[in-house]
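# Architecture at a glance
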Amino acid sequence: MKHMKQEQTKKHPVRRILLVLFALAVVAGGVFSHFGGFGTGKCADTAEFAKYAGAIDDITIPEQARVVALGEATHGNAEFQQLKLDVFKVLVERYGVRGFALEADYGCCEVANRYIHGGEGTAQEAAAATGFAIYRTEQIEQLLSWMRSYNETAAEADQLSFYGFDMQRYEHNYRFLLEAAEDLGIDTTELAKLWDVQTDEFSDAYDADQRAEVIGKVRIELMEQDSPQAAQAVHFADILLQNIELGKVDDYASQGNVLRDRYMADNVFWILAQEEARGNNRIFVSAHNGHIERQNTYGDAGKAMGNLLSDQLGDAYFAIGTDFYKARVNLPKGSDGKRSVHTFYSYDALSKASAKCGNEISWLDFSAVPSDSALRQYIDDYGWMGSLGEGYSPIMAILPMAYRIWDAPSELYDGMIFVAQAHPTEIRPLTTT
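This section reports on the structure supplied with the text.

## Here's the deal with unusual backbone geometry
The backbone of Asp200 shows a phi angle near 55 degrees, a positive value even though the residue is not glycine. Mapped onto the elements, Asp200 comes out in the loop between strand S4 (195-196) and strand S5 (201-202). Phi at Tyr347 takes a positive value of approximately 75 degrees, unusual for a residue other than glycine. When you line up the elements, Tyr347 lands in the loop between strand S8 (339-345) and helix H14 (349-356). Exposure remark for Tyr347: the relative accessible area of 15% places this residue in the buried category.

## Re helix H9 (residues 208-223)
In this model H9 runs 22 Å from its N-terminal to its C-terminal C-alpha over 16 residues, within 8% of the 22 Å that 1.5 Å per residue would give. If you follow the buried residues of H9, they end up packed against helix H7 (171-183), helix H8 (189-193), S5 and helix H10 (228-247). Structurally, the start of H9 carries an N-cap: the backbone nitrogen of Asp209 is 3.2 Å from a side-chain oxygen of Asp207.

## Things to note about helix H3 (residues 78-95)
Since one α-helical turn is 3.6 residues long, residues separated by three or four positions face the same way. Helix length check: H3 (18 residues) gives 25 Å between terminal C-alpha atoms against 26 Å at 1.5 Å per residue, within 8%. Burial analysis of H3 places 13 of its 18 residues in the buried class, which makes it a mostly covered element. Backbone geometry just downstream of H3 places Gly96 in the positive-phi region, at approximately 70 degrees.

## Here we look at the pairing of strand S7 (residues 317-332)
Along S7, 14 of the 16 residues are buried, which leaves the element largely enclosed by surrounding structure. As paired elements, S7 and S8 share seven bridges and run antiparallel to each other. By the bridge assignment for S8, Val329 is matched with His342. Counting the residues between successive antiparallel strands, the hairpin from S7 to S8 contains six residues, one of them, Gly337, with a positive phi of roughly 90 degrees.

## Remarks on the nonpolar core
Soluble globular proteins tend to pack their nonpolar side chains together in the buried interior. Core analysis: the biggest nonpolar cluster contains 70 residues, and Phe165, Leu177, Leu191, Val285, Met305 and Leu364 have the highest contact counts within it. Of all the elements, H10 adds the most residues to this core, at nine residues. Once you skip the residues sitting within four places of it in the chain, Leu177 turns out to touch Leu191, Ile215, Val218, Leu222, Ala233, Phe236, Ala237 and Leu240.

## Some words on the pattern of salt bridges
Within the structure shown, the criterion is met by 19 salt bridges. Measuring nitrogen to oxygen at the nearest pair gives 2.8 Å for the salt bridge that ties Lys51 to Glu48. Linking Lys51 with Glu48, this pair stays in helix H2 (residues 46-52), spanning three residues, or about one helical turn. What makes Lys51 exposed here is its relative accessible area of 54%. With relative accessibility at 14%, the residue Glu48 sits in the buried group.

## Some words on a nonpolar patch on the surface
Where nonpolar side chains cluster on the molecular surface, the patch consists of Ile395, Ile398 and Leu399 and spans about 260 Å² of accessible area. Relative to the elements of secondary structure, Leu399 occurs in the loop between helix H16 (395-398) and strand S11 (404-407).

## Notes on the layout of surface pockets
The volume enclosed by the largest pocket comes to roughly 530 Å³. Forming the boundary of the largest pocket are 18 residues, of which Ser161, Tyr163, Pro228, Gln274 and Arg278 lie nearest the centre. Among the secondary structure elements, those contributing two or more residues to the lining of the largest pocket are helix H4 (106-116), strand S3 (161-166), H10 and helix H11 (252-277). The leading source of residues in the lining of the largest pocket is H11, at four residues. Here the residues of the lining of the largest pocket are counted per class, giving seven nonpolar, seven polar and four charged.

## So, the side chain of Arg98
Relative to the elements of secondary structure, Arg98 occurs in the loop between H3 and strand S2 (99-105). The buried category is assigned to Arg98, whose relative accessible area is 9%. Within the local environment of Arg98, its side chain forms a polar contact with the side chain of Tyr150, the two groups lying 3.4 Å apart. Polar side-chain contacts of Arg98 include one of 3.2 Å to the backbone oxygen of Asp158.

## Topic: the environment of Ile244
Within the secondary structure, Ile244 is located in helix H10. With relative accessibility at 5%, the residue Ile244 sits in the buried group. Along the chain, Ile244 and Gln168 lie 76 residues apart, while their C-alpha atoms are 9.2 Å from each other. Sequence-distant contacts of Ile244, defined by excluding residues within four places in its chain, comprise Ala208, Arg211, Ala212 and Ile215.

## Here's the deal with the packing of H4 against H7
The axes of two packed helices give the description: the angle between them and the distance between them. At their nearest, the axes of H4 and H7 sit 7 Å apart, and the two run at 70 degrees to each other. When the axes of H4 and H7 are compared, the pair comes out roughly perpendicular. On H7, the residues touching Tyr106, Gly107, Cys108, Glu110, Val111 and Arg114 of H4 are His172, Asn173, Arg175, Phe176 and Glu179. Tallied by class, the residues present in the contact of H4 with H7 amount to four nonpolar, three polar and four charged.

So, how was this worked out
Within each chain, residues carry numbers counting from 1 in the order of the written sequence. At least 70 in pLDDT is required for a residue's local features to be given in this predicted model, at least 80 for side-chain atom pairs to be given and counted, and no such filter applies to totals for whole chains, interfaces and linings, which use all residues. As a rule here, side-chain values cover all heavy atoms of the structure and leave hydrogens and water aside. Put simply, DSSP marks the helices as runs of H or I at least four residues long and the strands as runs of E at least two long, and each gets a number from the N terminus on. Note on classification: 1.4 Å probe, protein chains only; a residue is buried when its accessible area is under 20% of the maximum for its type, exposed when over 50%, partly exposed between these limits. By this rule the span expected of a helix is its residue count minus one, scaled by 1.5 Å. The contact definition used throughout considers only heavy atoms, calling two residues in contact when any of these lie within 4.5 Å. Here a polar contact is recorded for every N or O atom pair within 3.5 Å, except that within protein the pair must consist of a potential hydrogen donor and a potential acceptor, and residues adjacent in sequence are included only if both atoms are side-chain atoms. At least two DSSP bridges between two strands are required for those strands to pair. Residue types Ala, Val, Leu, Ile, Met, Phe, Trp, Tyr and Cys, when buried and joined through side-chain atoms within 4.5 Å, form a set referred to as a nonpolar core. Only one rule defines a salt bridge in this text: a Lys or Arg side-chain nitrogen within 4 Å of an Asp or Glu carboxyl oxygen. Excluding any residue in a salt bridge, patches collect residues exceeding 30% relative accessible area, merging like charges within 9 Å and nonpolar Val, Leu, Ile, Met, Phe, Trp and Tyr side chains within 5 Å. Only the protein chains shown count as cover for residues, and the accessible areas themselves come from Shrake-Rupley with a 1.4 Å probe. The definitions used throughout rest on a 1 Å grid laid over the protein atoms alone, on which a cavity is an enclosed set of points accommodating a 1.4 Å probe that cannot get out and a pocket is an open set flanked by protein within 12 Å on both sides along at least five of seven lines; lining residues are those having an atom within 4 Å of a point. Grid points are joined across faces, edges and corners, and a volume is the space filled by probe spheres set on the points. In this classification, Asp, Glu, Lys and Arg are treated as charged, Ala, Val, Leu, Ile, Met, Phe, Trp, Tyr, Cys and Pro as nonpolar, and every other residue, Gly included, as polar. Every axis corresponds to a line fitted to the C-alpha atoms, with the helix fit spanning only the stretch in contact, and the corresponding angles, defined between N-to-C directions, vary from 0 to 180 degrees. Every angle not falling under 35 degrees, over 145, or within 65 to 115 is termed oblique; those three ranges are roughly parallel, roughly antiparallel and roughly perpendicular.

Here's what the structure looks like:
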């Protein structure tokens, strides 16, 4: 008896530990599922989805819309890049949009803009000039080639323009500013000294504040001239000054992102003003979902670009989000420029319904779905959606919520485009122009 009692005493703690672990596993499983588990999540009613979903050609834009923004759930999928051209064609042909604005630097995109207006070089070189590897793709080349072909036969008033609204690069902005200032008869002696031709970078002889002072003086002289060239040169200067201020930020993860998005919003309004001066009342903007969302903040630090645009434009801002059911995404592997492909599932009930309906790509206008539809809850309620930027971490394979956002689609967008199987982009070799 004594021996049995000792054996039972030894077993009871083990049983208790196992029971506790089992209970924790059950609870963790529920919590993990809530926060985006390894599966593909719930599926919205497919019959209801099929009733209201359409194709890209079915996209309709409200009459009051002045800025139409298309987001991308990832930077590394061919389908999201192809959508830039597909949606832009609809806006050009049916809504009179003539301005395309990309999440890339203004000066870099000016290279592409000159190409689509008959400039020298190739579409591949123009795409590479945008400054980011994510745009060195066949899809962006096709976009630029189509715009160039359109302009070859279009009247001057109907010409398409290609803009950038970012400010993370400076080389093309500086080069174009210097050229314009020289053409307009402004003394560029000090401005020319800012650049080191040996390193092809800004000279170390000038710190950031000194560069800003020199650029600011040239800007003032440009402001005194009344011409389209001078107005554009002022914007080159503004982008350079934005770049300098962005470079001063210590905590980029919070303050830098906020400042960048505020500058991007300012630049979008500048682009809108340029197009309105040409007689065009709308522009098309393309960026990551995180930048174009109506309700997106960096916590208490500040708001993202789409949030700022929505605040000022109200219903005149029309945001189209995107998501995938399954995506094989081309992502940078590290700081050495190498890239690799990884597979993700979004956990989005709407995107899953689109895929289950057999749609490779579908468009859902939220305003077309009535309140009594079973689909409405997935539009208005919080849920998980896929969201990948330009970076990869192994933790994404362990914790799927690391590449998903938790939000209500209708709070972020006016409608969404869903891609069933998103394929990785193929990055072209670097070329320069």
